[in-house]
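Listed below are the residues making up each chain.
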Amino acid sequence: MRMRNVLWGLLFVSPWVIGFFWFQLYPLLLSFYYSFTDSTLVKPGKFIGLDNYVKMLTVDKDFFPSIKVTIIYALIAVPAKLAFALLIALILNIKGKAVNWYRTVYYLPSILGGSVAISILWRFLFMKEGVVNQALSFLHIPPVNWLGSPHVALGTISMLVVWQFGSSMVLFLAGLKQIPSELYEAAMVDGAGRLRMLRTITIPLLTPIIFFNLVMQTINALQEFTAAFVVTNGGPVKSTYLFGLKIYDEAFQNMKMGYASSLSWFLFAMILILTLFIFRSARSWVHYEDGGK
């Protein structure tokens, strides 16, 4: 009977196990092998050792600029997205009529996500004669070259990610619900204002949620591709040429699958190092209810 239950269990989990090995683990190991070859998109290549990694560090002129653009993009998008998500969560945490309806509406952007359709819509909104500039002209404000200026374009595509704040907002809202109301009542008795309670009660008790959102959104930002590809195609003057877009160009435009695989593994190493750094820093700023860190 026990063996039969084990066999039935293995049968039910087998689709996931097969999918994991075939669609995740196997491509992962294969890309690691390709990173040491000169393979192209149409034919396998020969083993060349570390030549791809040497090339990216010494020859490729777009390598370091794309890393710089990606890091700047993450530094803009991640804090702005978390701050906006926390602000909306604080507003939706207030008891009132139709608050559940508002929560659903604010979560809709995350359901739509950063799809190609939404990115195309974003491009039309911020083009020279788009809706945003028309609204500015109605207010007698000079139009802004949102997608054509190297100083503005990166911030414009960052706003597309900030707009998808729903998932982070839901986590913040769940964290706010877990904060005991007695803490706020005691603070009000002591004469603390709303800003003081936000700084001394809300933010410290939300640091575990902030930590989780920070890790996940940083990983997503460093892998961003759709916004840069659809909205600006890396321009102008490669000011939005994110690392994910460079990997795509090397693999599917230049047909260099081996070199693209080495770039992918470098991105993996960069994400791993930054994630470990965030985990290391969490010891000094993440606080838990039991007093642990």
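What this report covers is the structure whose coordinates are included nearby.

There is a patch of nonpolar side chains on the surface, built from Met3, Val6, Leu7, Trp8, Leu10, Leu11, Phe12, Val13, Trp16, Val17 and Phe21 and spanning about 1,200 Å² of accessible area. By secondary structure assignment, the location of Leu10 is in helix H1 (residues 2-34).

This next bit is on the pattern of salt bridges. This model, assessed by the stated rule, comprises four salt bridges. Residue Lys238 pairs with Asp62 through a salt bridge whose shortest N-O separation is 2.8 Å. Taken together, the residues span a long stretch of sequence, with Lys238 in the loop between helix H11 (226-232) and helix H12 (243-253) and Asp62 in the loop between helix H2 (51-58) and helix H3 (63-92) at a distance of 176 residues. Residue classification places Asp62 among the partly exposed residues on the basis of a relative accessible area of 25%.

For the rest of this paragraph, the subject is unusual backbone geometry. Residue Gly235 is joined to Pro236 through a cis peptide bond whose omega torsion reads -5 degrees. Positive phi is not limited to glycine here, since Val237 has a value of about 55 degrees. By the element assignment, Val237 lies in the loop between H11 and H12. For Lys238, which is not a glycine, the phi torsion comes out positive at approximately 55 degrees. A relative accessible area of 42% places Lys238 in the partly exposed class.

Bringing the packing of H12 against helix H13 (residues 257-285) into the picture now. Contact pair H12 / H13: the axes reach a minimum separation of 7 Å and the direction vectors enclose 160 degrees. It follows from the interaxial angle that H12 and H13 lie roughly antiparallel. Both H12 and H13 take part in a crossing whose hand is left-handed. Where H12 approaches H13, its residues Phe243, Lys246, Ile247, Glu250 and Ala251 are matched on the opposing element by Met257, Tyr259, Ala260, Leu263, Ser264, Phe266 and Leu267. For the contact of H12 with H13, a count of residues per class yields nine nonpolar, one polar and two charged.

Scoring rules and cut-offs
Residues numbered from 1 in each chain as written. Predicted model: local features only at pLDDT ≥ 70, side-chain atom pairs only at ≥ 80, totals over all residues. Heavy atoms only, no water. Patch = residues over 30% accessible without salt bridge, like charges linked within 9 Å, V, L, I, M, F, W, Y side chains within 5 Å. Areas by Shrake-Rupley, 256 points an atom, 1.4 Å probe, with all protein chains shown as cover. Salt bridge = Lys/Arg side-chain N within 4 Å of Asp/Glu carboxyl O. Helix = DSSP H or I, 4+ residues; strand = E, 2+ residues; numbered from the N terminus. Buried < 20%, exposed > 50% of the residue type's maximum accessible area, 1.4 Å probe, protein only. Axes fitted to C-alpha atoms, helices over the stretch in contact; angles between N-to-C directions. Parallel < 35°, antiparallel > 145°, perpendicular 65-115°, else oblique. Left-handed = near helix turned anticlockwise from the far one by under 90°. Contact = heavy atoms within 4.5 Å. Nonpolar A, V, L, I, M, F, W, Y, C, P; charged D, E, K, R; others polar.

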